[in-house]
Amino acid sequence: MTQTKRIARRLTRRDVMKSAAAAAALLPMPALAQGAAGRVVVIGGGFAGASCARALKALDARINVTLVEASRTFIACPFSNLVIAGMRELTAQQFGYDKVAAAGVTMAFSAASAVDPQGKSVTLADGNRLAYERLVLAPGIDIRWDGLPGYDEAAANVMPHAWKAGEQTTLLRRQLESMEDGGLVVISAPANPFRCPPGPYERASLIAYYLKTKKPKSKLILLDAKDAFSKQRLFQNAWKELYPNLEWVSLSSGGKVTSVEPASKTVVTDFSRHQAAVANIIPPQKAGRVADLAQVADRSGWCPVDPMTFESKQQPNIHVIGDAAIMGAMPKSAFSANAQAKVCAAAVAKLLAGEKPVEPRLINTCYSVVAPDYGITVAGVYRPKDGVLSDIEGAGGVSPIDAPASTRAAEARYADGWFKTITTEVFG
Ligand SMILES: Cc1cc2nc3c(=O)[nH]c(=O)nc-3n(C[C@H](O)[C@H](O)[C@H](O)COP(=O)(O)OP(=O)(O)OC[C@H]3O[C@@H](n4cnc5c(N)ncnc54)[C@H](O)[C@@H]3O)c2cc1C
């Protein structure tokens, strides 16, 4: 890339704010026909589902919206890497649904245990049945328990994934806290696609920060099933400067983990065996299980959707948003999930009113915290093209490679501001 092009792709906060405002203005706002309404069931009250349920009510209060969520407390993954590194408490990640209910959404606290796409109904674990005109699935991810030899649910109690926030997050933090100074920490990162592409590298950075400040004789190895990753140069520059005890092993250098042995906390690749004091295995993933029950997941384990409306390509009247869906170039993030939720709500409202949805534009921004005063960013803008969401060339970009410490510190503050804003919008 030439210097000019690199500068063109550099991103300032003002650019992000400008494009966010522009995209918000571009969101399709349906003018509903008189008397149009309908029943919409949303499964999954995370960033995608709770946002969609609220957006539907805001668009047309007459739409009957039920949000099905298995748990009364949502525990957010963004910023959970800071909890693991002892920089934040898990309670700061927890949110309830009182404000969602106050916005007019009917809450059903139970797991959805069956979906009948032909009969258009959802059965809940508590025995209730909900009929719908349109169903929105937003179940997030499940772990592929058959995806890595040796890694099953029992193994996750010894070698936590911490890729769903909650007990797993706390377990990994406790293991790091009780490890002796001088211990080996191993993180294994999966091949694409998976939830939060920069997440493993933010985690490695913050665990390295914990080790540097609390257990300086320890070492961290990040074994990767990829040769390239999100914000790679930014992360690697930061590691060189801050964390000499962090070693990244790429796919071509033998980084792909082929099996694990929980009894001895051993992580195995084609070329080596690493006996860890703490092993954090981030395994292969797939759409949350209810996607299989609704017959909307394909052989990849994820859900193909129409990029205009996020309606399933496999089942009519069922929309899939958030991590569970195949969204082309748009990464699986909370920011994306929230943006997709608003577009989906607008499309569903239009469809219920018998109108044609409008072509959307969507934005994603992923912040990563590398150290307490060190943040980096990647942003993208997307639109439907050739049946998927595609990057709009020249929009978005990454933080400057050679920024001063003040810029990194400002981006860490923006990350904090983003988390407060999105969680207030979705749950507050
Ligand atoms: C360590 C880590 C760091 C991250 N950092 C960031 C970040 O900085 N920025 C960012 O944008 N993203 C980040 N992410 C990604 C982000 O967490 C996900 O992309 C986001 O949570 C996806 O939203 P979702 O609604 O699809 O899924 P979720 O938020 O997981 O919500 C799914 C919900 O569905 C419910 N559910 C599932 N199945 C059923 C069922 N059958 N019945 C009822 N309820 C059900 C679950 O209980 C859950 O509440 C991070 C992820 C990780 C793991």
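Residues numbered from 1 in each chain as written. Predicted model: local features only at pLDDT ≥ 70, side-chain atom pairs only at ≥ 80, totals over all residues. Heavy atoms only, no water.

Enquirer: Please provide a residue-by-residue account of the overall build of the protein, values included.
Expert: In terms of regular secondary structure, the protein is built from twelve helices and 25 strands. Seen through its C-alpha atoms, the protein measures out along the principal axes to roughly 70 × 50 × 40 Å. For the protein, the proportion of its 428 residues judged to be buried stands at 56%. Accessible surface computed for the protein: about 17,800 Å², of which carbon and sulfur atoms make up 52%. In the protein, which carries 49 positive and 38 negative side-chain charges, the distance between the mean positions of the two groups comes to 4 Å. (Helix = DSSP H or I, 4+ residues; strand = E, 2+ residues; numbered from the N terminus. Buried < 20%, exposed > 50% of the residue type's maximum accessible area, 1.4 Å probe, protein only. Areas by Shrake-Rupley, 256 points an atom, 1.4 Å probe, with all protein chains shown as cover. Lys, Arg positive; Asp, Glu negative; His and termini not counted. Charge placed at Lys NZ, Arg CZ, Asp CG, Glu CD.)

Enquirer: Lay out the pattern of salt bridges with the relevant residues and their values.
Expert: As enumerated under the stated definition, the model contains 16 salt bridges in all. Across the pair E89 and R173 runs a salt bridge whose closest N-O atoms are separated by 3.2 Å. One end of the pair, E89, is in the loop between α4 (80-84) and β4 (94-95); the other, R173, is in helix α7 (residues 167-178), and 84 residues separate them in sequence. We classify R173 as buried; its relative accessible area is 12%. Two residues, R273 and E261, come together in a salt bridge whose shortest N-O distance is 2.7 Å. Of the two residues, R273 is situated in strand β16 (residues 273-275) and E261 in strand β14 (residues 257-261); the sequence distance between them amounts to twelve residues. The exposure class assigned to R273 is exposed, which follows from its relative accessible area of 53%. (Salt bridge = Lys/Arg side-chain N within 4 Å of Asp/Glu carboxyl O.)

Enquirer: Please set out the sheet that holds strand β5 (residues 106-109) residue by residue, giving values where relevant.
Expert: An order of β5-β2-β1-β9-β20 is seen for the five strands of this open sheet, with the pairing classed as parallel. Single-partner strands in this sheet number two, and they are β5 and β20 (318-320). This sheet shows a mean twist of 20 degrees between the axes of neighbouring strands, independent of strand direction. Two strands pair when backbone bridges link them, and strand β1 (residues 39-43) and strand β9 (residues 134-137) are joined in this way by four bridges, in the parallel orientation. In the sheet register, I43 faces β9, and the bridge partner there is L137. The strands touched by helix α3 (residues 47-59) within the sheet are β1, β2 (64-69) and β9, with β2 carrying the most contacts at an inclination of about 170 degrees. In the packing of helix α11 (residues 334-352) onto the sheet, the strands contacted are β1, β9 and β20, and the crossing angle to β9 comes to about 170 degrees. (Pairing = 2+ DSSP bridges. Axes fitted to C-alpha atoms, helices over the stretch in contact; angles between N-to-C directions. Contact = heavy atoms within 4.5 Å.)

Enquirer: Any details on the site of the ligand? Residues and values, ideally.
Expert: Around the ligand sit 34 residues in total, of which A48, E69, R195, D323 and A334 are the nearest. Protein chains shield 90% of the accessible area of the ligand, which is 1,000 Å² for the free molecule. Sorting the residues of the shell around the ligand by element identifies α3, β2, α4 and α11 as the ones contributing at least two each. Top element by residues in the shell around the ligand is α11. It accounts for three residues. (Near = heavy atom within 4 Å.)

Enquirer: Explain the pairing of strand β22 (residues 362-371) to me, and be specific about the residues and the numbers.
Expert: For β22, the tally of buried residues reaches ten of ten residues, placing the bulk of the element in the interior. Pairing analysis gives nine bridges linking β22 to strand β23 (residues 374-385), with the strands arranged antiparallel. Paired with C366 across the strands is V378, a residue of β23. Connecting β22 to the antiparallel partner β23 that follows it, the hairpin turn spans two residues.

Enquirer: Give a description of the nonpolar core that names residues and reports values.
Expert: Counting 112 residues, the largest nonpolar core has I43 and W239 as its most contacted members. If you tally residues by element for this core, the top one is α11, at eleven residues. In this structure, this core is formed jointly by two domains, domain 2 (36-140 + 288-427) and domain 3 (153-285), each of which donates at least three residues. If near-sequence neighbours (up to four positions away) are discounted, W239 is found in contact with Y201, A204, S205, L222, F229, P244, L246 and W248. Counting 15 residues, the second-largest nonpolar core is a separate cluster that includes I221, V257, V267 and A279. (Core = buried A, V, L, I, M, F, W, Y, C linked by side-chain atoms within 4.5 Å. Domains from an automatic or database assignment.)

Enquirer: Give me the lowdown on the side chain of T269, citing residues and values where you can.
Expert: When you line up the elements, T269 lands in strand β15 (residues 266-269). Within the local environment of T269, its side chain forms a polar contact with the backbone oxygen of G254, the two atoms lying 3.4 Å apart. Sequence-distant contacts of T269, that is, excluding residues within four places in its chain, are made with L223, G254, G255, K256, V257 and T258. (Polar contact = N/O pair within 3.5 Å; in protein donor to acceptor, adjacent residues only side chain to side chain.)

Enquirer: So, the sheet that holds β16: which residues are in play, and what are the values?
Expert: Across the sheet, which stays open at both edges, the three strands sit in the order β14-β15-β16 with antiparallel pairing between neighbours. Looking along the sheet, the strands with just one partner apiece sit at the ends: β14 and β16. Within the sheet, the average angular offset between the axes of one strand and its neighbour, ignoring direction, is 20 degrees. Two strands pair when backbone bridges link them, and β14 and β15 are joined in this way by four bridges, in the antiparallel orientation. Of the residues in β15, the one forming a bridge with V260 is V267.

Enquirer: Requested: an account of the packing of α11 against helix α12 (residues 405-427), with residues and values cited.
Expert: The relative placement of two packed helices is expressed as an angle between their axes plus a distance between the axes. Two numbers describe how α11 lies on α12: the axes approach to 11 Å, and their chain directions differ by 35 degrees. For the element pair α11 and α12, the recorded crossing hand is left-handed. In this structure, α11 contributes A334, F335, N338 and K342 to the contact, and α12 contributes W418, I422, E425 and V426. Classifying every residue of the contact of α11 with α12 by side-chain character gives five nonpolar, one polar and two charged. (Left-handed = near helix turned anticlockwise from the far one by under 90°. Nonpolar A, V, L, I, M, F, W, Y, C, P; charged D, E, K, R; others polar.)

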